[in-house]
Amino acid sequence: MATVLVLNGPNLNLLGSREPRYYGKTPLANIETKLKKIAADAGHELLWYQSNAEHELINRIHSAHNEGVAFVIINPAAFTHTSIALRDALSATAIPFIEVHVSNIYAREAFRHNSYFSDMAIGQICGLGAGGYEYALLAALERIGDTQ
Ligand code: DQA
């Protein structure tokens, strides 16, 4: 059994009500429930974390390393475009990760086109709505399967 950690950055607690033209109408809690079931059905554990604070996300990544988390799925939200510190936490712990965005960041404002994470990520999924989390988990489970 492996452990996958899903990390969600600032304002993603508002998914479902926040700017539905970009983010759809699915609440974050529904995505969590669905992903936990997919992981459990595959015999793995899925941990879920959301924070609006950069340092809390960084601390969660540090603890993930100590807990032996095998894979991270991260939607860094606005920190995607600003946070070298969060990038460094992933780099320092060397946990493989997939970057997810609900909206298509390349079809939006220019400041969203840069990601501090994408060059380090196994892959990036964006613009596919809440389903992006599920597709990322399927890819993570495939990779975990390959290494076990
Ligand atoms: C986001 C895209 C970011 O640009 C934005 O700041 C978010 C959410 C997405 O999931 O589409 O908060 O990461």
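Residues numbered from 1 in each chain as written. Predicted model: local features only at pLDDT ≥ 70, side-chain atom pairs only at ≥ 80, totals over all residues. Heavy atoms only, no water.

What follows deals with the environment of Arg143. By secondary structure assignment, the location of Arg143 is in helix H5 (residues 131–147). Along the backbone, Arg143 and Ile125 are 18 residues apart, and their C-alpha atoms lie at a distance of 16 Å. Other than its neighbours up to four places away in sequence, Arg143 contacts Phe71 and Ile122. (Helix = DSSP H or I, 4+ residues; strand = E, 2+ residues; numbered from the N terminus. Contact = heavy atoms within 4.5 Å.)

For Thr93, the location among the structural elements is in helix H4 (residues 84–93). For Thr93, the side chain forms a polar contact with the main-chain oxygen of Ala89, separated by 2.9 Å. With residues near it in sequence (within four places) discarded, Thr93 still touches Ile61, His62 and His65. (Polar contact = N/O pair within 3.5 Å; in protein donor to acceptor, adjacent residues only side chain to side chain.)

This part takes up the nonpolar core. Residues Leu35, Leu46, Trp48, Ile73, Tyr133 and Leu137 are the most contacted members of the largest nonpolar core, which totals 26 residues. Of all the secondary-structure elements, those providing two or more residues to this core are strand E1 (3–8), helix H2 (28–41), strand E2 (45–50), strand E3 (71–75), strand E4 (97–101) and H5. Residue contributions to this core peak at six residues, all from H5. Ignoring sequence-local partners within four residues, the contact set of Trp48 consists of Leu5, Val6, Asn8, Leu28, Ile31, Glu32, Leu35, Lys36 and Tyr133. Ranked by size, the runner-up nonpolar core spans 17 residues in total, among them Leu5, Ile74, Leu86 and Ile95. (Core = buried A, V, L, I, M, F, W, Y, C linked by side-chain atoms within 4.5 Å. Buried < 20%, exposed > 50% of the residue type's maximum accessible area, 1.4 Å probe, protein only.)

This brings us to the environment of Ile125. Considering the arrangement of structural elements, one finds Ile125 in strand E5 (residues 123–126). Judged by its relative accessible area of 16%, Ile125 falls in the buried class. Between the C-alpha atoms of Ile125 and His101, which are 24 residues apart in sequence, the distance is 6.2 Å. Look past the residues within four positions of Ile125 in its chain and what remains in contact with it is Glu99, Val100, His101, Gly132, Tyr135 and Ala136.

A surface patch of nonpolar side chains, about 300 Å² in accessible area, is lined by Leu128, Tyr135 and Leu138. When you line up the elements, Leu128 lands in the loop between E5 and H5. According to the relative accessible area criterion, Leu128 is exposed, its value standing at 51%. (Patch = residues over 30% accessible without salt bridge, like charges linked within 9 Å, V, L, I, M, F, W, Y side chains within 5 Å. Areas by Shrake-Rupley, 256 points an atom, 1.4 Å probe, with all protein chains shown as cover. Salt bridge = Lys/Arg side-chain N within 4 Å of Asp/Glu carboxyl O.)

Opposite charge on two side chains makes pairing possible when the charged atoms of those side chains draw close. Throughout the structure, instances matching the rule amount to seven salt bridges. We note a salt bridge from Glu134 to Lys34, for which the minimum N-O separation is 3.1 Å. Placement of the pair is Glu134 in helix H5 and Lys34 in helix H2, with a sequence separation of 100 residues. Of the charged contacts in the structure, one is a salt bridge between Lys37 and Asp41, with a shortest N-O distance of 2.7 Å. In this pair, Lys37 and Asp41 both sit in helix H2, four residues apart, roughly one turn of the helix.

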